[in-house]
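Observations on the model geometry
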Amino acid sequence: MTQTSSPTDESQLAVQLSEVWKTFPGVVANAGVELSVRPRTIHALLGENGAGKSTLMNILAGVYRPDRGELKLHGRAHQFRNPADALSAGIGMVHQEFRLIPSFSVAENVVLGSAPSVIKTRQIEAEVAAMADKFGLRVDPAQPLWQLSMGERQKVEILKVLWRDAQVLILDEPTTVLTPGEVDELGEILRRMADDGRCIIFISHKLHEVSEICDEATVLRQGKTVASSLDMATTDSTELARLMVGASPTSPNRPAAATLGVPLLELKELSARGDRGIDAFSDISFQIHSGEIVGIAGVAGNGQRELADVIAGLRPSTRGSLIMNDADMTTASPRQRFLSGLGYIPEDRLGVGLAPRLSITDNAILRVYRQQRRGPFIVAAKALSYCKDIVERFRVRAGDLGGPIAALSGGNLQRLLVGRELDSQPSVVLAAQPTRGLDVQGVKAIQDLLLERRNAGAAVLMISEDLDELLTLTDRLLVMEGGTIRGEFNPRTTSRQEVGLAMLADTKAVSRP
Amino acid sequence: MKRPRLNLREAPLPGGQPLAFAIGLTIALFVGTLLLLGAGHDPVRIYSRMFEASLGGPDAWAVTLNRAVPLGLAGLAVAIAGSMGLWNIGAEGQIMAGAIAASWVARIGGDWPGLVLIVVMLLAALGGGGLLAVGPAIARARLGVNEIITTLMLNEVAIRLVQWLIHGPWKDPGAHNFPLAPMLPDQARLPTLFSRAHYGLLIAAAVILISSLAVRYTAWGYELRIAGSSEATARYSGISLSRKILTVLVISGGIAGLAGGVELTGTADRLTESISNGFGFAGIIVAALALMRPSGVAVVALLFGAVQIGGQSIQTLGVSSSVSTILQAFVLFGAIGAGVFSRYRILLEGEAPAVPEKVNQ
Ligand SMILES: Nc1ncnc2c1ncn2[C@@H]1O[C@H](COP(=O)(O)OP(=O)(O)OP(=O)(O)O)[C@@H](O)[C@H]1O
Ligand SMILES: [Mg+2]
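All of these numbers come straight from a predicted model, not from anything done at the bench.

Concerning the overall build of chain A
- Check the secondary structure of chain A and you find 17 helices and 22 strands.
- The C-alpha radius of gyration computed for chain A amounts to 24 Å, which stays within 12% of the reference 24 Å derived for 513 residues, consistent with globular compactness.
- Principal axes of the C-alpha set define a box for chain A whose edges measure 70 × 55 × 45 Å.
- Burial analysis of chain A (513 residues in total) assigns 57% to the buried set.
- Taking the contacts inside chain A whose residues are at least 6 apart along the sequence as the reference set, 69% of them involve residues at least 24 apart.
- Carbon and sulfur atoms provide 51% of the accessible area of chain A, an area that totals close to 20600 Å².
- Mean positive and mean negative side-chain charge positions of chain A (57 and 62 charges, respectively) differ by 5 Å.

And the structure:
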């Protein structure tokens, strides 16, 4: 690669990581990574699932210690022993999973851990509000956190690191939980922070976001830097994609429609309550036919999660009925639904889809272990070869298959989960955010798998917050807002704007419980 | 935040377990020495007596092994429930229920051949213990009632039942008005393997082995581990949680009951109020030290047994029972605790962990 920007004087670099190595049992996550970030810039860190991005950032933020390597801030060498060290050197990280306290107010969450022992609520709220204003982070400091949407929670996380005066902000896949509008807003906020003298490291798998938001990009592949500090003004997304995967992935084409068959999934005036006992959605009716992918678009928190739970049998419905493959499944158990052909990719991978304390193999066989029995035993060799097969076919990057599943990177967890669910050839597929957190190739692989199921005659229901994905992939698009279906669109003839408007039918979206 | 924290090692220390065991034991014995000196005893004499009584020769081993049997079974009972995240605090009562059931069989089958009688007694013990757990199991599985409280309360019921039986219907008329149950018939006694060590050892070893294999390698055990790891995942995959809770708690109770049966036919002459002797509560400690893994229970129970027998023996040397109990606790936690900790690193001054404490994407 020769696309390295003109050499800069070391002391002018806000962050410089060189020759960073980090090994986990069975996996080399970082194998001599180089990263240089100039002040006042937004720097993208790109790479496939498992390329080592999160690991590198955790090293920079003092969460992990590198096996080897050097870390310099403005030309001065540092060694962090913990996140607090990193923070006092000006480095703050917003992790993908938020660490906020639901019952506290926004302001309390922001100052938590760094506040004087006597909290003067009014004064702190005023200070937090002033800081939020300065960067255009629109949040109400007095509002309790549980009332906030995911996008708003993210702003609180950002405020939290700003409050601790971080000069280098790390955002690990910040946009996976945001709506398109919120992404644009985040871009503006980040620009303002960069102009204010800070620098931002931004991880994302969505290249169009990266092109819009970032100034420079560094690309990792299999733990190594393959291109550093590319100038985004002169690099296009195809080139980035090529660098990330080593070959350019074909852009997703709108798939030809398959022949429609009989309805396989039918909801009749279905209603259910949410966790707080209030109706999460009501009177939802639609059919999905064999050979059809139907998408549900909507801002998070408008009842989609509960709808998925009800279809999967994990939450009772209060009214209406659910028909699957001609059988009434309104009150059927999750297992009965699975047996009658339902494959379910839940949104909450580690909480619902996988058992975090068990091994990769144990998790892989969750749907098939009953077939791997000999007498009362599960045949270990069968289980292992099944797991190997899933890992290879769905390109899960994993070390020791007997090791804990929780050690896999986010994208690899998703690959394993999707692979496992689709392997049983379900006739009805329910996929909630199936490509969230996946890299370009991973997204394509999973979209292809869903299409393959559709073409094989399955009915696919896909719930996603990624409108572009829904528009290219689905045959029919339903928009959910405030717990009801606000409209049905033909994605072949509809524009993004039309759908977007329906998603925001009431100007203020209902916040997520 | 400069507090020491524990962090799981990436790989176990090579030779870590035995080494940690030795170090822990040394520290415990050292602290114990200070304790004994403080209480005015000669540590060398005390320690050598402890060793003599528990591990110094076949007779001592027999006593220790006989003690390890009920501890191991009770520990297994707690650990099986624990591997699904359930707490069976009622092993004490279930042991008594098992002993009651076995005694009842001995009363009606006094003229059966020995082998048949013993087998039926042990099966009855299994059933008796299981029966006592049925209530809490149903309450937990169907209504979500916390099993800790219900199993604990039934301990009280079981002890009252034993008292009522030996003061009333089962009182031995030949015991001159003493509240004693009659002696067991001779053919209801478990034969011995060597010295006084009885066949309960083989029974306990077999049950622990089978249970460990079942949890690790069977579909049933797989479902148990899934449910123990995440309830939502278990429901998602169609494992019937309520049925699992029901069977696991009843099996747990049954194993504790078996401990009562083995104790009755192995070491006791008759049903007494003290037949469970605290084994049910000690079983909770055994299971916890074995990290709720059925496979770890045997070793812990053996050590626990040795320490108990050794600790009791020194009371004849004038060591007060409280000093003896503290000493037992030292040795036990020093030896086993160190083994557990050897899987962790202690991070001082907030060092960065090698393995994250929380998974992030
Ligand atoms: N704590 C850990 N223990 C063991 N292996 C780990 C651990 N953390 C990460 N890994 C492994 O290191 C590799 C890099 O992981 P990392 O999380 O840095 O990837 P990533 O680039 O952030 O991927 P993604 O886009 O999927 O989030 C992966 O193969 C992962 O399985
Ligand atoms: Mg990551």
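The discussion continues.
Topic: the site of ligand 1
- Around ligand 1 sit 22 residues, and of these A:Gly50, A:Lys53, A:Ser54, A:Thr55 and A:Gly411 come closest.
- More than one chain lines the surroundings of ligand 1; the residues nearby belong to chains A and B.
- Interatomic distance of 3.2 Å between a backbone N/O atom of A:Ala407 and an oxygen atom of ligand 1.
- A:Ser409 places a polar side-chain atom, nitrogen or oxygen, 2.9 Å from an oxygen atom of ligand 1.

Section: helix α13 (residues 380-393) of chain A
All names here are of chain A.
- The terminal C-alpha atoms of α13, which comprises 14 residues, lie 20 Å apart, in line with the 20 Å expected from a rise of 1.5 Å per residue.
- Of the residues making up α13, those classed as buried are Ala383, Tyr386, Cys387, Ile390 and Val391. Buried residues along α13 cover an arc of 135° about the axis, so they all sit on one side. Across from the buried face of α13, at angles greater than 90 degrees, the exposed residues are Ala381 and Glu392.
- Along its buried surface, α13 packs onto α12 (360-364), β18 (377-378) and α14 (410-423).
- Once α13 finishes, Arg395 follows within two positions and takes phi at roughly 50°, a positive value.

Concerning the confidence of the model for chain B
- In the predicted model, chain B carries a mean pLDDT of 87, and the fraction of residues at 70 or more is 89%.
- Overall fold confidence (pTM) sits at 0.72, and the ipTM for the predicted complex is 0.76.

Regarding the side chain of A:Glu209
Residues and elements named next belong to chain A.
- Relative to the assigned elements, Glu209 resides in helix α7 (residues 207-213).
- The class for Glu209 is buried, based on a relative accessible area of 3%.
- Once residues within four sequence positions are removed from consideration, Glu209 is found in contact with Thr175, Val183, Phe202, Ser204 and Cys214.

Re the pattern of salt bridges
All names here are of chain A.
- Throughout the structure, instances matching the rule amount to 31 salt bridges over all chains.
- A salt bridge links Glu421 to Arg367, with the shortest nitrogen-to-oxygen separation between them at 3.1 Å. A residue pair is termed long-range when its members are at least 10 positions apart, and Glu421 in helix α14 and Arg367 in the loop between α12 and β17 (373-374) qualify at 54 residues. Just as Glu421 is buried, Arg367 falls in that class too.
- For Asp389, the salt bridge identified is with Arg393, shortest N-O distance 2.5 Å. Taken together, the residues Asp389 and Arg393, both in helix α13 and 4 residues apart, mark about one turn of the helix.
- Judged by relative accessible area, Asp389 falls into the partly exposed class, the value being 29%.
- Arg393 sits in the partly exposed class, given a relative accessible area of 46%.
- Counted as one network, the salt bridges with shared partners bring together Lys134, Asp165, Asp196 and Arg198.

What counts and how
Residues numbered from 1 in each chain as written. Chains lettered and ligands numbered in written order. Predicted model: local features only at pLDDT ≥ 70, side-chain atom pairs only at ≥ 80, totals over all residues. Heavy atoms only, no water. Helix = DSSP H or I, 4+ residues; strand = E, 2+ residues; numbered from the N terminus. Rg over C-alpha atoms; globule rule 2.2 N^0.38 Å. Buried < 20%, exposed > 50% of the residue type's maximum accessible area, 1.4 Å probe, protein only. Contact = heavy atoms within 4.5 Å. Areas by Shrake-Rupley, 256 points an atom, 1.4 Å probe, with all protein chains shown as cover. Lys, Arg positive; Asp, Glu negative; His and termini not counted. Charge placed at Lys NZ, Arg CZ, Asp CG, Glu CD. Near = heavy atom within 4 Å. Polar contact = N/O pair within 3.5 Å; in protein donor to acceptor, adjacent residues only side chain to side chain. Expected span 1.5 Å × (residues − 1). Arc of directions from axis to C-beta. pLDDT = per-residue confidence, 0-100. Salt bridge = Lys/Arg side-chain N within 4 Å of Asp/Glu carboxyl O.

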